[in-house]
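For reference, the chains in residue letters:
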Protein chains: 2
Amino acid sequence: MTETVVRRVAIVGGGLVGMLAAIYFANRGWQVTVFEFRKDSRQLEDTALLSNRSINLALSVRGLNALKKPGLGLHEQVLGSVIPMKGRMLHLDKGRLVSHPYGVFGECINSIDRAQLLKLLLDTAEELANVKILFEHQLKYCDFDSGVLVFENHSNGSEVSQTTDLIIGADGAYSTVRSQLMRPVRMNFQQEYIPHAYCELNIPPVTDADGRSKFAMDPNHLHIWPRHSFMMIALPNTNKSFTCTLFMPFEEFEAIKTENDLMSFFQKHFPDSIPLMGAQNLKEEYFRNPKGPMMSIKCTPYNYKERAIIIGDAAHCMVPFYGQGMNCGFEDVFLLNDFLDKFNVDDTKDTNEFRESLDRALNAYTERRHTDAAAICDLAMRNYIEMRSDVVKPLYIIRKRIEGALHAIFPKHFIPLYTMVSFSNIRYSEAVYRWKRQGLWLSIAAAAGDGS
Amino acid sequence: MTETVVRRVAIVGGGLVGMLAAIYFANRGWQVTVFEFRKDSRQLEDTALLSNRSINLALSVRGLNALKKPGLGLHEQVLGSVIPMKGRMLHLDKGRLVSHPYGVFGECINSIDRAQLLKLLLDTAEELANVKILFEHQLKYCDFDSGVLVFENHSNGSEVSQTTDLIIGADGAYSTVRSQLMRPVRMNFQQEYIPHAYCELNIPPVTDADGRSKFAMDPNHLHIWPRHSFMMIALPNTNKSFTCTLFMPFEEFEAIKTENDLMSFFQKHFPDSIPLMGAQNLKEEYFRNPKGPMMSIKCTPYNYKERAIIIGDAAHCMVPFYGQGMNCGFEDVFLLNDFLDKFNVDDTKDTNEFRESLDRALNAYTERRHTDAAAICDLAMRNYIEMRSDVVKPLYIIRKRIEGALHAIFPKHFIPLYTMVSFSNIRYSEAVYRWKRQGLWLSIAAAAGDGS
């Protein structure tokens, strides 16, 4: 046995992905410091107000897989407080409901409360002896070559600096670590806003004849009101409410100026949702809640030598229509850890060897991960049209049924795209490749059928 | 006559484009303040060291057109100190020289010294009563809604703030104004580095039998050594030297580690250039001069309401292979001025009316200009391959000759792409459109010829 050398990692961003990374690196025996710009969300009454992010998320296989790995029971605890959704429930015109299951074998995605999941990760990390979490610390700049980060501590206005072996940027779509990385790194980068905004609304629980609180709609579906150029969705919460999200172009949000405009819009497009939300509640929430923008970000490379790497939304930001943002971010952590293992990063006491192996690991990670992140960003953009429009088209429905039938017969060889993305760990880019090849087979089969 | 109201513009960036904008706005009667991050380049011995930018530039019709407009004689003064280049001189293997003229009517692009042109613009602007230039002022942040900019004055460490009606960001590819704009504006943005770097070298004048200094090569050509995956070019300077630029992938620069590596590389690929540069001079310059990256930037929109707009490299950065970077930036200033005229921005004393007209003008400008900037960025990227590789291919040469012949016969209806870009004011996007249409005609003609 050689003497233990403690490696230090500074994680910028104490959101979901940053905190999972903290747990993984603590598990490796590194000394972890997490710097979070915001206050500790666990001490706030209304977490939604703080984060300005969506209230609930859809957790699927990739995310669950990453939660399982550290062996701290995160996976079980999370599954104890999710609501499984086995398919989409389409709310068509005139209130007609149609269920489209996600998988032929009853696979589910899981609605989970963002604040609750973050609390679990924060509590878990805080229990670990080698993790320190500093809130209200805003990154000012980093010097990557020396490994020095400088923060402003907003709680007392002081400047705090820290020297580290590795900097992980998990600071989200508007990442400061990424901006800083753009100085020494020749980073290809693109960001694209979509014309749509989103606004969150609420469907409260209803009370049944016995005075018990219950869901106003079937809780085991992701509800969608597809209206071609816009849509509304709803995900269930454990308190038996639903969080609805209305997606539509900014101009259409701006065109609704009065309560009358709002009610006639809802009466025309989402009449069945009004009694569920309650007209008064709808009016209050619509005008009070922010109309948030959505964008897609791709960049490469993610790392600067062995010193810094960006993960999660800081590295790849996607529109929310495939429910993969958090899952992909969690998978980043899982993979990064895996690459550190593969390149034997910790199995050396010599600093130069450590640095060289870490450099190779980060380079290999960024090269592989960028391809997959770009693939899921593109798929999410494509699903933006699928969810609000394609889902009601007869040809789409027929193709989905054929794919489902083929998957049931050939479960390993013919897998629908949604299944590969949400219910497997197949690389995103591989999923796209297989999906295109499967489409080709279908075309060939169709053409052969024509000729008979 | 109404009472005069003085409008204020703060121009961030006192480079070529920023200074031309200062002259244009001063001409409109606005109160102009230019904030430049660097020291006054006129007071430095070696301007190349300060700016870390290319030494000479190719000025063509769009740039000249913009210099002409203010009517201050800029155009004439500039033409007095340029060296016209009527075509490309290809240095083929074994030192064979081939001249390709730029236009069938003898059109020239003009080699000009960056520092000299900047001095002319700075001197001219400084003479104007309503222009103030502040050097060593680095922008920290702007509040666009209130029109407040905050700078750090590096000469004394003080903080300087200024309130203005309009903020113009002419602060180059790494623009701070653009970064600041990305906060309130949902800006689509992309930057892409190419794998090549550039390194500047020098061919000094030679002394003839009578002891007079003269050019070592024909000065009225842009010299190119096309070598497929890399190339060298040379532009003449008024002191009878040439500035050479070697473009090649970063890895190939890095592979040249010793003087022997360098000399065998030059002996293999550019043997005719060694006696012109002098072996000792080549060795010194190659290892001393920086290897600079090149990138392409596109973004949209360029403005925030009526308050701010980015121009030049801050708005669109292109690889240097079409010689249009400065020309395009100067054309931005010309067009922006034109849009302010069209929307009668100054013909009102009422602040709200002024703001509304300025808002309309900036929105119209950004919508139109983005299309053209994207077109020239793409053309420049395309020319990156054309210059180093296509120029020596027989089919390329034949097509160029046919295009030239058709242009000579139908000078208004059939115009080669290079002519439209460099020797006309046709919109860049229109030039691309016409070029594609012309290509279609050629294909049709070729097919018809086949059938006869």
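Procedures and definitions
Residues numbered from 1 in each chain as written. Chains lettered and ligands numbered in written order. Predicted model: local features only at pLDDT ≥ 70, side-chain atom pairs only at ≥ 80, totals over all residues. Heavy atoms only, no water. Salt bridge = Lys/Arg side-chain N within 4 Å of Asp/Glu carboxyl O. Helix = DSSP H or I, 4+ residues; strand = E, 2+ residues; numbered from the N terminus. Buried < 20%, exposed > 50% of the residue type's maximum accessible area, 1.4 Å probe, protein only. Polar contact = N/O pair within 3.5 Å; in protein donor to acceptor, adjacent residues only side chain to side chain. Contact = heavy atoms within 4.5 Å. Phe/Tyr/Trp six-rings, centres within 6.5 Å; stacked < 30°, edge-to-face > 60°. Lys NZ or Arg CZ within 6 Å of the ring centre and 35° of its normal. UniProt positions renumbered as here; feature names shortened; annotations may be inferred. Expected span 1.5 Å × (residues − 1). Buried area = accessible area lost by both parts, 1.4 Å probe. Nonpolar A, V, L, I, M, F, W, Y, C, P; charged D, E, K, R; others polar. Pairing = 2+ DSSP bridges. Domains from an automatic or database assignment. Axes fitted to C-alpha atoms, helices over the stretch in contact; angles between N-to-C directions. 1 Å grid on protein atoms, 1.4 Å probe; cavity = no way out; pocket = protein on both sides within 12 Å on 5 of 7 lines; lining within 4 Å. Points joined across faces, edges and corners; volume = space filled by probe spheres on them. Least-squares fit on C-alpha atoms with pLDDT ≥ 70 in both. Patch = residues over 30% accessible without salt bridge, like charges linked within 9 Å, V, L, I, M, F, W, Y side chains within 5 Å. Areas by Shrake-Rupley, 256 points an atom, 1.4 Å probe, with all protein chains shown as cover. Left-handed = near helix turned anticlockwise from the far one by under 90°. Core = buried A, V, L, I, M, F, W, Y, C linked by side-chain atoms within 4.5 Å.

Further remarks concern the pattern of salt bridges. One side chain can pair with another of opposite charge once the charged atoms of both are near each other. Residues and elements named next belong to chain A. Per the counting criterion, the structure on display carries 52 salt bridges over all chains. A salt bridge links glutamate 331 to arginine 62; the nearest nitrogen and oxygen atoms lie 3.0 Å apart. Of this pair, glutamate 331 sits in helix H11 (residues 325–342) while arginine 62 sits in helix H3 (residues 61–68), placing them 269 residues apart in sequence. An identical accessibility class is assigned to glutamate 331 and arginine 62; each is buried. With a shortest N-O distance of 3.6 Å, arginine 212 and aspartate 208 are connected by a salt bridge. You can call arginine 212 exposed: its relative accessible area is 51%. Counted as one network, the salt bridges with shared partners bring together Asp40, Arg42, Lys119, Asp123 and Glu126.

On to the side chain of A:Gln438. Residues and elements named next belong to chain A. Tracing the chain through its elements places glutamine 438 in helix H15 (residues 428–451). At 2.8 Å, the side chain of glutamine 438 and the backbone oxygen of isoleucine 415 are in polar contact. Apart from residues lying up to four places away in sequence, glutamine 438 is in contact with His413, Phe414, Ile415, Pro416 and Met420.

Before going further, it helps to spend a moment on the packing of aromatic side chains. Using the criterion set out here, one finds 41 aromatic pairs over all chains in the structure. Taken together, a centroid distance of 5.9 Å and an interplanar angle of 45° make the contact between A:Phe189 and B:Phe189 tilted. Residue A:Phe189 is located in strand S13 (residues 188–203), and its partner B:Phe189 is located in strand S13 (residues 188–203); the two belong to separate chains. According to the relative accessible area criterion, A:Phe189 is buried, its value standing at 5%. Taking NZ or CZ as reference, A:Arg186 lies 3.3 Å from the ring centre of B:Phe250, over its face. Positioned over the ring face of B:Tyr384 is B:Arg388, at 4.4 Å from the centre of the ring.

A separate point is the environment of B:Ser175. Residue and element names in this part refer to chain B. Relative to the elements of secondary structure, serine 175 occurs in the loop between strand S12 (166–169) and helix H6 (176–181). In this structure the C-alpha to C-alpha distance between serine 175 and phenylalanine 250, which are 75 residues apart in sequence, comes to 24 Å. Every residue in contact with serine 175, bar those within four places of it in the chain, is listed here: Ile310 and Ala314.

The next subject is the UniProt feature "transmembrane region" (unreviewed entry) in chain A. Under the UniProt annotation, "transmembrane region" (unreviewed entry) lies at residues 6–26 of chain A. What you have in residues 6–26 of chain A is 52% helix and 24% strand, and the ends, taken at the C-alpha atoms, are 11 Å apart.

Residue and element names in this part refer to chain A. In this model, H11 (18 residues) spans 25 Å end to end at C-alpha, consistent with the 26 Å of a helix rising 1.5 Å per residue. Where burial is concerned, most of H11 is hidden: 13 out of the 18 residues are buried. Just past H11, the residue asparagine 344 takes up positive phi, approximately 50°.

Between chain B and chain A, the residue contacts involve 11 residues of the former and 11 residues of the latter. Between chain B and chain A, the buried area comes to about 1100 Å², and carbon and sulfur atoms account for 50% of it. When the buried surface of chain B facing chain A is broken down by residue, B:Arg186, B:Gln191 and B:Tyr193 rank first, second and third, together holding 49% of it. Remark: the boundary between chain B and chain A carries 0 salt bridges. On inspection of chain B and its partner chain A, the count reaches 6 residue pairs in polar contact (both at pLDDT 80 or more). Residue contributions to the side of chain B that touches chain A peak at 6 residues, all from S13(B). Considered class by class, the residues forming the side of chain B that touches chain A number 6 nonpolar, 3 polar and 2 charged. Across 3 bridges, the pairing between S13(A) and S13(B) is antiparallel.

According to the domain assignment, chain A consists of domain 1 (8–83 + 112–191 + 295–387), domain 2 (192–293) and domain 3 (393–451). Averaged C-alpha coordinates put domain 2 of chain A and domain 3 of chain A at centres separated by 33 Å.

Residues and elements named next belong to chain B. Judged by pairing direction, the sheet is antiparallel, and its 3 strands sit side by side in the order S3-S7-S4 without closing on themselves. Because the sheet does not close on itself, it has two edges, and the strands there are strand S3 (56–59) and strand S4 (83–85). The sheet shows a mean angle of 35° between the axes of neighbouring strands, taken without regard to direction. One ladder, built from 3 bridges, connects S4 with strand S7 (residues 109–113); its direction is antiparallel. Bridge pairing in S7 places isoleucine 83 opposite serine 111.

Bringing the sheet that holds strand S11 (residues 158–163) of chain B into the picture now. Residue and element names in this part refer to chain B. Strand order in this open sheet of 3 strands is S9-S10-S11, and the pairing throughout is antiparallel. Both outer strands of the open sheet, strand S9 (137–143) and S11, are each paired with one neighbouring strand and no more. The average angle at which neighbouring strand axes cross in this sheet is 25°, direction not considered. Bridge analysis of S9 against strand S10 (residues 148–153) gives 6 bridges, and the strand direction is antiparallel. From the neighbouring strand, histidine 137 faces S10, where its bridge partner is asparagine 153.

It is worth spelling out the environment of B:Phe105 at this point. Residues and elements named next belong to chain B. Here phenylalanine 105 shows up in the loop between strand S6 (97–101) and S7. For phenylalanine 105 and tyrosine 322, which are 217 residues apart along the polypeptide, the C-alpha to C-alpha distance reads 20 Å. Here phenylalanine 105 is in contact with His407, Ala408 and Pro411, once residues within four sequence places are set aside.

Our focus in this paragraph is empty space enclosed by the protein. Residue and element names in this part refer to chain B. Counted under the stated rule, the structure contains 1 cavity of 30 Å³ or more. Its boundaries defined by the atoms lining it, the largest cavity holds a volume of some 40 Å³. If one sorts the elements of the lining of the largest cavity by residue count, S7 sits on top with 3 residues. Of the residues belonging to the lining of the largest cavity, the class tally is 3 nonpolar, 5 polar and 1 charged. There are two domains that each give the lining of the largest cavity at least three residues, and those are domain 1 (8–85 + 111–191 + 295–387) and domain 2 (193–293).

Least-squares fitting of chain B to chain A yields an RMSD of 0.0 Å, with the superposition described by an axial translation of 0.0 Å and a rotation of 180°. This pairing of chains is accounted for by a two-fold axis. For chain B, the residue whose C-alpha comes nearest the rotation axis is B:Gln190, separated from it by 2.0 Å.

Let us now look at the pairing of S12(B). The side chains of a regular strand alternate between both faces of the sheet. Residue and element names in this part refer to chain B. By the alternation rule, side chains of S12 split into Leu166 and Ile168 and Ile167 and Gly169, which are all buried. As defined by bridge partners, strand S1 (residues 8–12) adjoins S12 across 4 bridges and the pair is classed as parallel. When the sheet's bridge partners are listed, valine 12 is paired in S12 with glycine 169. Sheet topology note: the S12/strand S21 (residues 308–310) ladder contains 3 bridges and is parallel. If you follow isoleucine 167 over to S21, its bridge partner there is alanine 308.

Together, A:Leu395, A:Ile398 and A:Ile402 line one region of the surface with nonpolar side chains, adding up to about 310 Å² of accessible area. Under the relative-accessibility criterion, A:Leu395 is labelled exposed at 69%.

All names here are of chain A. Where H3 contacts H11, the axes come no closer than 8 Å and their chain directions differ by 35°. Considering how the two elements wind past one another, H3 and H11 form a crossing that is left-handed. The residues of H11 that touch H3, namely those facing Arg62, Gly63, Asn65, Ala66 and Leu67, are Asn327, Phe330, Glu331 and Phe334. Residue composition of the contact of H3 with H11, by class: 4 nonpolar, 3 polar and 2 charged.

The subject of this paragraph is the nonpolar core. One finds A:Leu121, A:Phe330 and B:Phe330 to be the most contacted residues of the largest nonpolar core, which totals 159 residues. Ignoring any residue separated from it by four or fewer positions in sequence, one finds A:Phe330 in contact with A:Leu16, A:Val17, A:Leu20, A:Gly63, A:Ala66, A:Leu67, A:Leu117 and A:Leu121.

Residue and element names in this part refer to chain A. Along the chain, serine 60 falls in the loop between strand S3 (56–59) and H3. For serine 60, a relative accessible area of 3% gives the class buried. Beyond its immediate sequence surroundings of up to four residues, serine 60 is in contact with Ile109, Gln324, Asn327 and Ser422.

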